[in-house]
Amino acid sequence: MSYTFWTFRGTVPGSFIRVRQGDTVEFHLKNHPSSKMPHNIDLHGVTGPGGGAASSFTAPGHESQFTFKALNEGIYVYHCATAPVGMHVANGMYGLILVEPPQGLPKVDHEYYVMQGDFYTGGKYREKGRQPFDMEKAIDERPTYVLFNGAEGSLTGDKALKARTNETVRHRVQQEGGTHPQENVQTTLIPAGGASIVEFHTEVPGNYIMVDHSIFRAFNKGALAILKVDGVDDKPVYSGKELDAVYLGDRAGANLAAVTKATEASASGTLSVQDQVQAGQALFAGTCSVCHQGNGAGLPGVFPPLAKSDYLAADMKRAIGVVLRGLSGKVTVNGQEYNSVMPQMTQLNDDEIANILTYVLNSWDNPGGRISADDVKKVRLDAPTGKTVASH
Ligand SMILES: [Cu+2]
């Protein structure tokens, strides 16, 4: 999908501003002549009306200047405050300003800049094509996306944050504008318009998951990042299996690229079976493999196999229906009876279901073939409500 952001200097969040307490800061705000809107800036670290908003109001093709003294140390949000304020902010006009103590903050090995934002699009989550801003959803506070640094996957997979063991990553939690850190904090509340400095020391390697713990925002709206710490194990501190890739779903990493590729190919009309299989494989790993297993073999008596499943091969429309609506009651797969429940996969869109099933059809000696998003759509429209009831 694509979206037109409004930004400070071309990025969401805007550039990280760093000053020291006691500095006198001469602030210049330029609004490019090609802009359509006036903008300004409200820096929560500024002592003065509106954090500089009124003094920095700048029409397209203009430049404004104001000067402030950084009186208080801390980490602060800045954002555009031009009406409609919510719209400027929701479109990406925000960032952070750090006011360090006069002597500077203690040195650390890594500093990361992560900022969460809500996005309100005309279409649904992951819907393809150019998405307009949806003011109604914004007013209702129903974000389509909740993202770190302006994009889903901005800090996962190849783009995960990286550190080594025995390094310091900025373990203090310091609330916006606060001077005194709290210690041993695990989850911190960051209010809307607030910011925190979090400092910690890396002890053992692994993938550390950072989420908005209002958990649907993490797994269904995008607010998930990964800090990948490399280095040697310290078994007395932590022994064990590193990471359950299934828990991360299709956001686990590198393979998300295949999903993106398929989405693009589909939009441009060049989607190949190969694209579908690769995207389907990534999605299967994140969605279906937890029950049907990575090799499609299922678990005897509990989860039926998808590998060489006669039930699947017999009726593809029915298989689509199973994914769309779930399945419960008795079914016989390859001569063995199952009587369990498969939940409805409501989080998957038509393309994703088509890709997963195409992957299944082309794996593990299954008969091959191809399911299109249209095939899925038809089944979706066939029986809009209720679960598929097994008929064996
Ligand atoms: Cu603005």
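Please read all numbers here as calculations on a predicted model, not as lab measurements.

Definitions and limits used
One numbering rule holds for all chains: residues counted from 1, following each sequence as written. Selection of residues for local features in this predicted model requires a pLDDT of at least 70, selection of side-chain atom pairs for listing and counting requires 80 or more, and totals for whole chains, interfaces and linings are taken over all residues. Excluded from the side-chain calculation are hydrogens and water; included are all heavy atoms of the structure. We treat two strands as partners when DSSP finds at least two bridges between them. Where helices and strands are cited, they refer to DSSP runs of H or I of at least four residues and of E of at least two residues respectively, numbered from the N terminus. Helix axes are fitted only over the stretch in contact, all axes being lines through C-alpha atoms; the angle between N-to-C directions runs from 0 to 180 degrees. Donor selection uses N, O and S atoms within 2.8 Å of the metal (3.2 Å for Na, K and Ca). Since no water is included, sites may look incomplete. Donor angles set the geometry label: tetrahedral for four donors if every angle is between 85 and 135 degrees, square planar for four and octahedral for six if opposite donors exceed 155 degrees and the others are between 65 and 115, irregular for anything else. Two N or O atoms count as a polar contact when they lie within 3.5 Å, although within protein this holds only if one can serve as hydrogen donor and the other as acceptor, and sequence-adjacent residues are included solely when both atoms are side-chain atoms. The predictor attaches a confidence to each residue, called pLDDT, with possible values from 0 through 100. Only heavy atoms enter the contact rule, under which two residues are in contact if any of them lie within 4.5 Å. Roughly parallel means an angle under 35 degrees; roughly antiparallel, over 145; roughly perpendicular, 65 to 115; everything else is oblique. In this scheme the crossing of two helices becomes right-handed for a clockwise turn of the near helix relative to the far one and left-handed for an anticlockwise turn of less than a right angle. Under this grouping Gly is polar, as are all residues other than the nonpolar Ala, Val, Leu, Ile, Met, Phe, Trp, Tyr, Cys and Pro and the charged Asp, Glu, Lys and Arg.

## Thoughts on the sheet that holds strand β15 (residues 224–230)
In sheet architecture, strand pairing relies on hydrogen bonds along the backbone and comes in two forms, parallel and antiparallel. Sheet architecture is open: three strands sit in the order β9-β15-β14, paired in mixed fashion. Both outer strands of the open sheet, β9 (161–164) and β14 (206–211), are each paired with one neighbouring strand and no more. Strand after strand, the sheet turns through a mean of 25° between neighbouring axes, direction not considered. Looking at chain direction, β14 and β15 are connected through six bridges and run antiparallel. Residue Asn-207 lies in a different strand from β15, and its bridge partner there is Lys-228.

## Overview of the coordination of the copper ion
All of the protein donors around the copper ion are His-39 (ND1), Cys-80 (SG), His-88 (ND1) and Met-93 (SD); their distances to the metal are 2.0 to 2.6 Å. For the copper ion, the four donor atoms are set out with angles of 85 to 133° between them, so the coordination reads as tetrahedral. In primary-sequence terms, the residues that donate to the copper ion follow H-x40-C-x7-H-x4-M. You can see Cys-80 sitting in the loop between β5 (74–79) and α1 (85–90) and its partner Met-93 sitting in the loop between α1 and β6 (94–100), a full 13 residues away along the chain.

## Details of the side chain of Ser-309
By the element assignment, Ser-309 lies in the loop between α6 (289–292) and α7 (310–314). At 3.3 Å, the side chain of Ser-309 forms a polar contact with the backbone nitrogen of Tyr-311.

## A closer look at the confidence of the model for the protein chain
In regions of low pLDDT, the predicted coordinates are not meant to be interpreted in detail. Counting all residues, the mean pLDDT for the protein chain is 85, and 90% of those residues have values of 70 or more. Between the elements of the protein chain, mean pLDDT differs from a low of 46, seen in strand β18 (residues 388–389), to a high of 95, seen in strand β1 (residues 17–20). With pLDDT under 50 throughout, residues 242–252 is counted as low confidence; its partners more than four residues away or in other chains account for 29 contacts. Predicted confidence for residues 386–392 stays below pLDDT 50, and this span has 22 contacts to residues more than four positions away or in other chains.

## Re the packing of helix α8 (residues 316–325) against helix α10 (residues 373–382)
Orientation of α8 relative to α10, taken along the N-to-C sense of each, is 70°, at an axis distance of 9 Å. The angle between α8 and α10 places the two elements in the roughly perpendicular class. For the pair α8 and α10, the sense of crossing is right-handed. Of the residues in α10, those touching α8 at Lys-317, Ile-320, Gly-321, Leu-324 and Arg-325 are Asp-375, Val-376, Val-379, Arg-380 and Asp-382. Its residues placed into classes, the contact of α8 with α10 shows four nonpolar, one polar and five charged.

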